Structures are given as C-alpha cells and as structure tokens.
Amino acid sequence: MARVVVDVVMKPEILDPQGQAILGALGRLGIEGVTSVRQGKHFELDVEDGLDDQTLTTLADTLLANPVIEDFTIHR
Amino acid sequence: MARVVVDVVMKPEILDPQGQAILGALGRLGIEGVTSVRQGKHFELDVEDGLDDQTLTTLADTLLANPVIEDFTIHR
Amino acid sequence: MTTIDRRLGVDTVEAAGQTPDQAQPYRELGVADDEYARIKEILGRRPTSSELAMYSVMWSEHCSYKSSKVHLKQFGQKVPAEAKDILLVGMGENAGVVDIGGGLAVTFKIESHNHPSYVEPHQGAATGVGGIVRDILTMGARPVAVMDAIRFGAADAPDTARVLPGVVSGIGGYGNCLGLPNIGGELVFDPSYLGNPLVNALCVGVLRADEIKLAKADGLGSKVVLFGARTGGDGIGGASVLASATFDDTKPAKRPAAQVGDPFAEKVLIECCLEIFAADLVTGIQDLGAAGLSCATTELAAAGTGGMDVDLDLAPLRDETLVPEEILMSESQERMMAVVTPENLDAFLSICAKWDVNATVLGTVNDSGRLVMRWHGDVIVDVPPRTLAHEGPVYERPIQRPADQDELIADTGQQLPRPEDGDELRATALRLIASPNLADKTWVTDQYDRYVLGNTVLAQPEDAGLIRVSDERWRAEHGGAESTAGLALSVDGNGRYTRLDPYAGAQLALAEAYRNVATTGARPLAVTNCLNFGSPEDPGVMWQFAEAVRGLADGCQQLGIPVTGGNVSFYNQTGATPILPTPVIGVLGVIDDVARRTPMALRGDGAQLYLLGDTRDEFGGSEWAHTEHGFLGGTPPKVDLERERLLADILINASRDGLIDAAHDLSDGGLFTTLAEACLRGGAGVRVVVPEGIDPFVLLFSESAGRAVVAVPRSEEIRFTDMCTARGLPAARIGVLDVLEPAIEVQDQFRIPLAELRTAWSSTLPALFG
Amino acid sequence: MTFPGSLDDQDALRAVRLAGAEPVPLWHGDKWLSDVQAVVLPGGFSYGDYLRCGAIARFAPAMESIIDGARHGMPVLGICNGFQVLCEAHLLPGALIRNKERKFVCRDQRLRIERADTVWTSDFEQGQQVVIPLKNGEGGYVADERTLDELEGQGRVVARYLDGDPNGSYRGIAGISNVAGNVVGLMPHPEHAVEDLTGPSTDGLSFFTSVLKSLVAV
Ligand SMILES: Nc1ncnc2c1ncn2[C@@H]1O[C@H](COP(=O)(O)OP(=O)(O)O)[C@@H](O)[C@H]1O
Ligand SMILES: [Mg+2]
C-alpha cells in the first residue's frame, strides 16, 4: 500500500479567478510580499503497490486533470 | 523571490464527497488498485524572500484553508 | 494492521445488570438528575451507555420539545373548523400534509440550522437545506421548491462579512445541486443576530393524497433497511464523553467539528426514494436527521407493530473507530431508513443499486414492544421505544414578562425628528430604499436557481413564490397537458415587532405571509412556522415564546388556516443576551389557474393606482425608526385579521376576474418601498397624489398592516371600486402610472427618477459583499 | 439524457415536446441509444461534479454511442453541464471554468446568435438578440488563443453574451459548435425559455424547432 500525490494546476495562459481573488484579499488583510497566487487541486491516493506508473498517468491525464487547461505532476 | 506551495486537505474525520465521487468513477473506468482518494486544494505562491513563516501560516490559516474542516501543510 | 476486537469495552445490558451503581456521565450529556432517575425507573436498571446516549439525544430540547410542548398543543386545539377536512396529516409527523384537490396533496415545512451556520456558514446552511428536503421526501412527496429566511448581524459588521456569503453559497450550492428552484425567502439584518445568525430553510413537496408515507415500522417480520450515505462521526460532540468512558482512558479518535453535505448523494437518494415510492415498496420510512439512528429506530418502532430487532454492527461506517454510542448519535447527512416487507426487499435493493445508493438490512420488525439492539451479538440496547420517541420529559418553564417591557412600550418615539419638507422626504426615501433591510436582494437571490423544473411562475422579488403543480406523472395521466393549478408560498417574520409585543408580532408575521400569498391571487391554505428564540430557561424569553405561540394559534384560527407543522429553535443568544424573538411564518396558498396570477410589476401607461386599507400614524418597530434613528420602542402596527381576510378576498377575486394588472402589498418601509419595488420591477413610473387629510410622511413610510397597492386598468376601474365599496374595503386612488420619463413623483413634495432610485436600491449589497 | 445528477432533463423533455418533436428519455447507464435522431445533454451536476464539471460523465456507458453518433453527424446539443461534458469528451474544444466572480449566477441573459446556420440555430436570424436564462457556477469558457482564433475564423462561435460577460468567458463566448456544426455547446438554458408563463421569453424554443426542421427536411 503506497500513498501517491497528484497535483493539478491551471496552465499559465489560463486565467485563474480563485488565485486572483486570494491575491486581492491579501491586500485587504494587509499581508505584503506575495506577488502571485495560483490555485490548483491536490489529490492523495492510496494505491496498491502493484499499480504501475503507466496506469497512474492515464488516471491523472484522463480523470484528475483536463489536459486542455491543466498540467499535473505525480509524486510517488 | 521564492516559490511556496501550500496543500490543503479535508481533515480525515470529515466527509470528502469529492474523493468519494472520484473513487466511484475509477470503478467505471475499470482502473483497479486505488483504495482511497481524497481531494484537496493546491496553492502555488510566489513570495518575496522577506516573507516570514509566521505570516505565511496566518495566510494559510485565514485565506487558503478553512480550519474548521481542513488541515494545511506549507512547503517552502 | 491489527484488527482490534470491536466488542472491547462496549457496555452491554448484561453488564448493566451486574454493575447497577456504576457512575455514568449523564450530566455531561445534558440529562438532568430526575431525568436519569426516570430512565432507571423505566428500565428497572441503569441504562447501558448506548441507551444513555439514545435517551440523552431523544430527550434533548431539540428532539423532545420538552419546553415548548405545553404551548405548541394550542396549534392542534385551535385548528379552524373549515380546515379540518383539508388537513391530511397534522403536527407531529415529519411534515404536515394538506389536500389541494384533484387527488393531489402538498407537504411543506420550515426548519432552522442556526448554530451550525455560525460555526461553518457554507456547510451549516447547506446541510440545513439537505435536512428539510429529506423531511419532505419522507412524507412520500417529490420536493418541488425551497425558500430561505436568513438573518444576520449589522450588514457592515466584520463577522457578517464572514457568515453571510458562506450561508448564501451553502443554500445555493446545495439547493441548486438538488435541482430545486429557490422561489423566495427573507434577508434581514439586526445587531441582535451578530453572534447568532438565523438560517431557516423551507421545502415544499407534492404527492398523491392517497400515497402519503408515514414513519411506522409495520408488519411482523418486515425488514428495517438503512440506506444512503455511510455513518460518520458527525454532530456527536456529546457522545465523546461516552466514547472516552467506554474506552476507559484511551482517547477516542477525533470527531468532526462541522458536517459537510454531499448534495449529489442527496440528489440520488431523492430519485431513488421516489422510484421506490412509485413502486410502492415501503410500509414505513423515516429520514435520519438530528439524533440519527436513535430517532429513526425509536420513532419507527414506536409507531408500528411495536418492536424491532437491530444489529447495529451492520451499519456501514465512514470511520471504523466509531463506538456504538457514537453510531447511535451520529447526525451524518443523506441517510434514510425504510421498513420493507420480505417479498419487496429484492425490488427495493435493486432500485438502490440502480442509483448507486448503499443499502443495508439492519433489523426486523416484531411485536415484542421492545427495541433491542445487538453489537456483534451482545445486547447493548433493550428499551420500550415509546419512552424515547413520545414519552420524553415535559416542562412547564417559568414565565415572566420582562421587567423592561413596559418601559420599552412607553417610549413610543413620538419625539423622533421627522422629515419636514419635500427635500427631507426625498432624502429619507433614498436612504431607506438603500438601507440593507430594504435594498435590492439580487446579490443573494442571483446565486439561487429559480428556473429548474420549469414550473416557476413567480419567484423573488415577487411577494410570494408561485409554482405550477406539474410533473412528468401528472402529464402522463393527462395526455401530456400541463396542469394549471399552482402553489404560492411566502415566509415572513419581524423580530422588532415581536420584541415590542410577541402576541401581535407573531400575528403580524402571519398576516404578512398571508397577504403576500393573496397578493399573487392565490388562496391561503395552511401554515408552517419556525420559532427562533433565546433560552427557555430565561422566564422573559419563555414569556415571549408563550405569547408568540398563543398569538400565532389564535391568528391561524381567525384566518381559518391550520398550522401543519414547524420547528422550535431555542438557545439563540450571545452570552446572556437573546436574539430578538423571531417567529418566522410560512403560508401556503393555492390558485386554480396560474395564468391568472397577479405580478408585482408596474408596467405600461395610464392604469390607476389604488391604495387598499387604512393608513395610520404607526412607526413602532418600523424600518424608518430603525434605520434613521436606530430606535426600537412603542407598539407595533395594529393587527386586524378580519381586515386581512377581506383584503385577501378582494385581491383573489380581482385576480380571478382580471380586474387588476399588478398588486404589491405594503410591509417593511411602507408605501414608498412598495412603490419603488413595483416600479423598478416593471419600469413604469408613478405620479402620486397625497389624499386629503393625511400627512405625506405617514402616507409614505408608516407600516400599518392590512394594505396593498393595486394597478387598475381604466376599463375595470368602476367594477373594481364597486367591489371594494360593496365589501367595505377602503380603496383610495393615490395616483397613476407613467412610462414617459419614469420616476416616482409625489405631488408638491419630490420627484425621484427611476434610474437614480435603482442606483440607490441596487448598490448596497454589492458594495458590502463584493 | 439523464445522468444521476441531471437537473434540467425534465425541462429539456418539455422543450422538445413543445417544439413538436417526440422526447425520448435516455439513461446514462444504457450503452445503446434507442433509435433517437438527436440528443440533448441537459444541465445539472451529472455525477456531482466535485472534480470538474462533466469530467466523470464523459465516461458514462451512454457517452460512447453519443460520441460515435456525433462523429457521424447526429445533432447533439449540450446545455450548461452538457456543454461541459462535450468539452471533457473532446467533441468541442476548450473548457469551462469557475465563474470570474466565483459565485453561482442565475439571471436573464441577453445573447446574440452569431451563427444561424447550424442545425440547432437555423430558426434564428443571423445576429438576432435573444433573452435566455443563464445559471451556472462554472461557465467561464476558456481556450488558448489559437483555438479561439480558429473558432472565430471558422465561424464556430454560435452565441455571444451581451451587456458584459457574466462569467469570465473569453471573448464573451456563450456557445460554440464543432466544425461540422451538428454538435453545439451552450452555457445559457434555452429549455427555460419556452413558455411565457415560466420563462423570461420563448426565444429558447427556436433551438429545438431548428433541429426538428432540419431532421424532417432530410
Ligand atoms: N434569502 C432569500 N432567499 C430568497 N429570496 C429572498 C431572500 N430574501 C428576500 N428574498 C425575496 O426578495 C423579495 C423581497 O423580500 P421582502 O421585502 O421580505 O418581501 P416581502 O416584504 O413581500 O415579504 C421577496 O420576493 C423575497 O422572497
Ligand atoms: Mg410583500
């Protein structure tokens, strides 16, 4: 049994309303020194050791992320 | 200028409908060997080197995560 | 991974017999000494900790209504004669059911989720919607619409900025995802709600009059099925003392501080149940809400053949560390319990499978008169179910009219400076219409889907929501044609009026909801209510409560519409300071032909504007005193329910006979607010003439009850005024519609172009909440 | 087509009926479409859509035959969630993301019909302005510049928002079609604008009469 983490973020060219909003809120909170925020998704999977990287990639690529607008990274 | 990553996940005892839905879909996709999925948020921040951990924690605690139902980890 | 013996440390009936004097943490569970003594007397031994858990939740204020019961009885005792035959199911069931004719019935109810919405606004409000929808579903009805009445602290208070957006996104997020149109509600700001917002959600459902489902476990050998979401450690704060008690010193795993709703799970649960109902596969059904399994099992068992055997360890868990006490108290959402005869079981389970709904047979119905629960074979619960479900404690709480009440009433606010000339009236009008309580609410309501299901005829900002009673099955039964019948609903409350006079305040809320329904042309039929008050242990609060209930019961009797159900929410206070006493009243009405409904919008040219009812100098508890002077004192507007009945009759007949183009009732803010809302809705302006002998300020801002404004086409003017004269309803012609250069113009006083008015009205909430 | 979390399927059936066609309810779990001539993917939250709207629906058994039918010219209209599903299934380019305002929005929306020559819009005038309810939480249409230019260049933008864009859609795009024009995705809800009694207009009906005419024509 292993823990796999998949992080999904919007491609840079796609605007990210959530990130923008947080950046805006920072100002109101008087927190300085943050120049950019982007929000993505974070998945924690428990997988059986048998599961190969191939399958994991398909999983991330077809389900967890939408390649049209998102990039993903798998941490095993 | 440094890249800081904050991951936010539902507290383990809290229901995570997102994760449940994905787990269900895996079955339909015919992907086996994944025993649990939890979906959280992934934030990528560009911060000035001056920004101290203290401030980062406040930020994560007030803006990025909802402490009532979520835990967060900061990777600097 | 080592599997721990799940039986370890679990208290059993046998153990309870052997250790009669073992100390139990009943006080921590909110069980009083005498209540604990009574439990022992009932059982003839000390309760097991599972039984104690069950008694503690079932005998809690929330589930047992122990402080309110003695007052709520009046609703049953005072059911109006004319209403007896339409009331198919009265109070006590999950929700009341009324007959609307044509073989159809309607069930509706309003419920509070105040405290959870303060702790976690989004999820708290969301699960509030989920809970009330399951109540309606449980009656065998298809939920067809929701409404929400929400109250917060001062609009500009920082915590309001935290709570309100979350509450609104929670109500929207959950309701939208269920595909239920939101057709109305209330949004009110008052400092007294700052530490204790009110989130009251209403749901209405439609069913066949002969297909009502009840919460009873009938039929020897019938199976008890738990279906829907798995059980987690949600909402069991109290149980932790038991958990730690059973585990001696070993701490139990962490339990959730807030519940998360899963609207998708609820959506499939709804469709699954409706398919099961259509196939007539259940003899009894109960939703799991507060007190979860404890409530469902005891109420089902108490109402049916009399006994039930349950294997609690079969309940599917989300968290394997849960102990029986916690499973029994868990309030995890999106769960239902059904009673199914053995021959129907397979069909039942296959429908659950079709919808991917998890279903487990937990037990069997018997006639032992006992509810027995086992945990891996050991008996951990053996109780007479009625003693939990129906024979809980009943309190006659001390009642004491608050000392400051007379003082409050004595200071009528006559001394408050009033606008003196046209310019001051104009400025006052613009400030009022821009004040948070009167301003445009679309910032909230645009987050709610009002179109889904395709039957919404009127929704916010109309006086009442109005939906067509039409569904697939109805059309199938009627050759594809849509039904013309409609349901109208309005919810209203006024904490300031109720603070000044709880009896009158409850009746004024009732009257406003009743008037709102009639304004659309629908005939008011039945009432639901959500009573939000402070601590019942405070004699002053208990007086407010008793008076409000008496006022509501008397009012319903006089209006001839029965109370079908409702909900009591006590302990709404910050420290020792209670909220304004806030009964929120929902009135349901019916209309034969939805095409005949009267909209609020003033459109077109030339129609004559009539003000119906009497306008008096009444500013006690008014929006004007509140926003302009932050003042609360005097007495609320006079209640005249006979007049409300007459006004409703006129509005309903006028709609049926097509005598009026538009109607909008008068409430918070008075005539000016009503005109502004109606003009901005339709785009037409009005030229108002102040009738002889009335002060313009009083005309524009007084909150006298029993009034409405109607637009009468010239062609119908005689017929309409004759009708009013014949029936003795004062109808004063106060002006005419005007579409060229639309504005609200009050002769010799002021003129406000609609554009300016719209800006003032619609900028407030966006400026506050983004 | 009804997915477990579909919400506007009843409305879609009603709209089809009011347009004069015979509505056939389809179930996401059925592999084969009973011989229908066109498919409407209605609004809702097909599978809860906590991950991404339409992400899971795309894999529904029924989607195989729909994707197949669409590739062979069967008219398919995806409304709101249906639009999201079509994008996830790569029958349409781009994607739909969280509204710019990060709030669900439900309002009567003015649109301009940019293409009156698809099977779903032939009953409109080119450039006709219509009012149709918009209600979505993830309705921001996004795609890379190349794709956007391609859509514009090939005239595949079917409808555009007027009075400022309500959800952050690039270039105010409210609806697009595939190259052949038989597959259309639309964020606003025409099925909610088919009766005077319940809608802000009856403008939505033309989407359904359009496809009916083109089908009886062949
Ligand atoms: N929280 C809410 N949810 C839905 N609709 C609301 C809400 N608050 C106010 N509304 C709607 O806004 C309109 C104006 O509200 P209000 O002035 O209280 O109406 P009335 O005075 O006729 O009771 C009504 O149609 C009401 O249903
Ligand atoms: Mg009203």
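Remember, predicted model here, so these are calculated numbers, not experimental data.

### Quick notes on the overall build of chain C
A tally of regular secondary structure across chain C gives 27 helices and 28 strands. Relative to the compact-globule value of 27 Å for 770 residues, chain C shows a C-alpha radius of gyration of 27 Å, a close match. Oriented by its inertia axes, the alpha-carbon framework of chain C measures out at about 90 × 65 × 50 Å. Residue burial in chain C is summarised as follows: out of 770 residues, 63% are buried. Contacts in chain C between residues at least 24 apart in sequence constitute 85% of all its contacts with a sequence separation of at least 6. When the accessible surface of chain C is summed, it comes to about 25,600 Å², and 52% of that surface belongs to carbon and sulfur atoms. Of note, chain C has its 64 positive side-chain charges centred 2 Å away from the centre of its 105 negative side-chain charges.

### Observations regarding the pattern of salt bridges
Scanning all chains against the criterion turns up 72 salt bridges over all chains. Among the ionic pairs, D46 of chain B bridges to R3 of chain B, the shortest N-O distance being 2.9 Å. You can see D46 of chain B sitting in strand β2 (residues 34-47) and its partner R3 of chain B sitting in strand β1 (residues 2-10), a full 43 residues away along the chain. What makes D46 of chain B buried here is its relative accessible area of 18%. Taking relative accessible area as the criterion, R3 of chain B reaches 47% and is therefore assigned partly exposed. The partner of R27 of chain C in a salt bridge is D33 of chain C, and the shortest N-O contact between them spans 3.0 Å. Under the relative-accessibility criterion, R27 of chain C is labelled exposed at 54%.

### Here we look at the interface of chain D and chain C
One frequent convention defines the size of an interface as the accessible area lost when the parts assemble. Facing 29 residues of chain D, the contacting portion of chain C comprises 33 residues. When chain D packs against chain C, close to 2,600 Å² is buried across both sides, 55% of that on carbon and sulfur atoms. In this structure, E195 of chain D engages R468 of chain C in a salt bridge whose closest nitrogen and oxygen atoms are separated by 2.7 Å. Linking chain D with chain C are 13 residue pairs in polar contact (both at pLDDT 80 or more), by the criterion used here. The set of elements that each furnish at least two residues to the side of chain D that touches chain C consists of α1 (9-18), β4 (105-113) and β5 (129-136) of chain D.

### Considering a negative patch on the surface
There is a patch of like negative charges on the surface, built from E420, D421, D423 and E424 of chain C. You can see E420 of chain C is positioned in the loop between α15 (405-410) and α16 (422-434).

### A look at the UniProt feature "binding site: Mg(2+) 2" (unreviewed entry) in chain C
All names here are of chain C. Taken from the UniProt record, the annotation "binding site: Mg(2+) 2" (unreviewed entry) applies to D135 and D287. In terms of the greatest pairwise C-alpha distance, the residues named above, spread along 153 residues, form a tight cluster of at most 6.4 Å across. Relative to the elements of secondary structure, D135 occurs in helix α7 (residues 121-138). If we skip the residues at most four places from it in the chain, D135 touches N94, K109, E111 and D287. If sequence neighbours within four positions are ignored, D287 has contacts with N94, G131, R134, D135, T138, A296, R335 and M336. A distance of 3.4 Å separates polar atoms of two side chains, one belonging to D287 and the other to T138.

### Points about the UniProt feature "active site" (unreviewed entry) in chain C
All names here are of chain C. In the numbering used here, UniProt assigns the "active site" (unreviewed entry) feature to H62 and H113. Spanning 52 residues, the annotated positions come together in the fold, the maximum distance between their C-alpha atoms being 11.4 Å. By the secondary structure assignment, H62 is in helix α4 (residues 61-64). Inspection of the secondary structure puts H113 in the loop between β3 (104-112) and α6 (114-119). In contact with H113, not counting residues within four places along its chain, are G124, T127, G128 and V199. Here T127 takes part through its side chain, which lies 3.4 Å from a polar atom of the side chain of H113.

### What to know about α1 of chain D
All names here are of chain D. For α1, a buried count of 8 out of 10 residues is recorded, marking the element as mostly surrounded by other parts of the structure. Within the span of α1, buried status applies to D9, Q10, D11, A12, L13, R14, A15 and V16. Positioned one or two residues after α1, G20 has a phi angle of 100°, which is positive.

### Section: the coordination of the magnesium ion (ligand 2)
All names here are of chain C. For the magnesium ion (ligand 2), the full set of protein donor atoms is D463 (OD), N516 (OD1) and D665 (OD), at a range of 2.0 to 2.3 Å. Of note, the magnesium ion (ligand 2) draws all its donor residues from one chain, in the sequence arrangement D-x52-N-x148-D. Of this pair, D463 sits in the loop between β14 (456-458) and β15 (465-468) while N516 sits in helix α20 (residues 502-519), placing them 53 residues apart in sequence. Residue D463 is classed as buried on the basis of its relative accessible area, which comes to 11%.

### Overview of the confidence of the model for chain C
Low-confidence regions, as indicated by low pLDDT, have predicted coordinates that should not be scrutinised in detail. Residue and element names in this part refer to chain C. Mean pLDDT over chain C: 94, with 97% of residues reaching 70 or higher. The low-confidence segment residues 244-252 (pLDDT under 50) makes 9 contacts with residues lying over four places distant or belonging to another chain. With pTM at 0.94, the complex prediction returns an ipTM value of 0.91.

### Regarding the sheet that holds strand β24 (residues 685-688) of chain C
All names here are of chain C. Strand order across the open sheet formed by 7 strands is β23-β25-β22-β26-β24-β27-β28, with mixed pairing between neighbours. Of all the strands in the sheet, just β23 (662-665) and β28 (750-753) have a single pairing partner and so form its edges. Recorded for the sheet is a direction-independent mean angle of 20° between the axes of neighbouring strands. Pairing geometry for strand β22 (residues 608-612) and strand β25 (residues 708-712), over 5 bridges, is antiparallel. Residue pairing for β25: L611 is matched across the bridge by V709. Here helix α27 (residues 754-769) sits on the sheet in contact with β27 (743-746) and β28, set at roughly 75° to β28.

Basis of the calculations
Residues numbered from 1 in each chain as written. Chains lettered and ligands numbered in written order. Predicted model: local features only at pLDDT ≥ 70, side-chain atom pairs only at ≥ 80, totals over all residues. Heavy atoms only, no water. Helix = DSSP H or I, 4+ residues; strand = E, 2+ residues; numbered from the N terminus. Rg over C-alpha atoms; globule rule 2.2 N^0.38 Å. Buried < 20%, exposed > 50% of the residue type's maximum accessible area, 1.4 Å probe, protein only. Contact = heavy atoms within 4.5 Å. Areas by Shrake-Rupley, 256 points an atom, 1.4 Å probe, with all protein chains shown as cover. Lys, Arg positive; Asp, Glu negative; His and termini not counted. Charge placed at Lys NZ, Arg CZ, Asp CG, Glu CD. Salt bridge = Lys/Arg side-chain N within 4 Å of Asp/Glu carboxyl O. Buried area = accessible area lost by both parts, 1.4 Å probe. Polar contact = N/O pair within 3.5 Å; in protein donor to acceptor, adjacent residues only side chain to side chain. Patch = residues over 30% accessible without salt bridge, like charges linked within 9 Å, V, L, I, M, F, W, Y side chains within 5 Å. UniProt positions renumbered as here; feature names shortened; annotations may be inferred. Donors = N, O, S within 2.8 Å, 3.2 Å for Na, K, Ca; no water. pLDDT = per-residue confidence, 0-100. Pairing = 2+ DSSP bridges. Axes fitted to C-alpha atoms, helices over the stretch in contact; angles between N-to-C directions.

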